[in-house]
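Secondary and tertiary structure notes
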Amino acid sequence: MERHDLLHEFPEFQEKLDALKASNHHFKALFDKYHEVEKEIHQINTGEKVAIDEYAHELKAKLLHLKDEIFTHLRS
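Note that the coordinates shown come from a computational prediction; the quantities given were computed from them, not determined experimentally. (Residues numbered from 1 in each chain as written. Predicted model: local features only at pLDDT ≥ 70, side-chain atom pairs only at ≥ 80, totals over all residues. Heavy atoms only, no water.)

The next subject is the nonpolar core. Ranked by internal contacts, the top residues of the largest apolar core, which has 18 residues, are Leu 6, Phe 27, Ile 70 and Leu 74. Among the elements of the structure, helix H2 (14-23), helix H3 (25-45) and helix H4 (53-75) are those that each provide at least two residues to this core. The residues touching Ile 70, leaving out its near neighbours within four places in the chain, are Leu 6, Phe 10, Phe 27, Leu 30, Phe 31 and Tyr 34. (Core = buried A, V, L, I, M, F, W, Y, C linked by side-chain atoms within 4.5 Å. Buried < 20%, exposed > 50% of the residue type's maximum accessible area, 1.4 Å probe, protein only. Helix = DSSP H or I, 4+ residues; strand = E, 2+ residues; numbered from the N terminus. Contact = heavy atoms within 4.5 Å.)

This brings us to the packing of aromatic side chains. Inspection of the entire model under this criterion finds 3 aromatic pairs. Between Phe 10 and Phe 13 the ring centres are 6.3 Å apart and the planes differ by 75°, which places this aromatic pair in the edge-to-face class. The class of Phe 10 is buried, set by a relative accessible area of 7%. Ring geometry for Phe 13 versus Phe 71: centroids 6.1 Å apart, planes at 75°, classification edge-to-face. Of this pair, Phe 13 sits in the loop between helix H1 (6-9) and H2 while Phe 71 sits in helix H4, and the two are 58 residues apart along the sequence. One aromatic cluster is present, built from ring pairs that chain together Phe 10, Phe 13 and Phe 71. (Phe/Tyr/Trp six-rings, centres within 6.5 Å; stacked < 30°, edge-to-face > 60°.)

Here it is, written out as structure tokens:
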């Protein structure tokens, strides 16, 4: 299964990702939460962790919401 870390999702924003992580506490928290949720989804998708479908769908929705919020910060 392919991972979806933010550096691969937004390669054109690598420098801005690094700058925002270093200077914006809210953005850093979003970044960390995104990677925490993405890791859990990956574990479910690979069978390393077991979860009911409803929980997996909730995680995916949360990941998309985090990604959208992060992208809003990157565009500004």
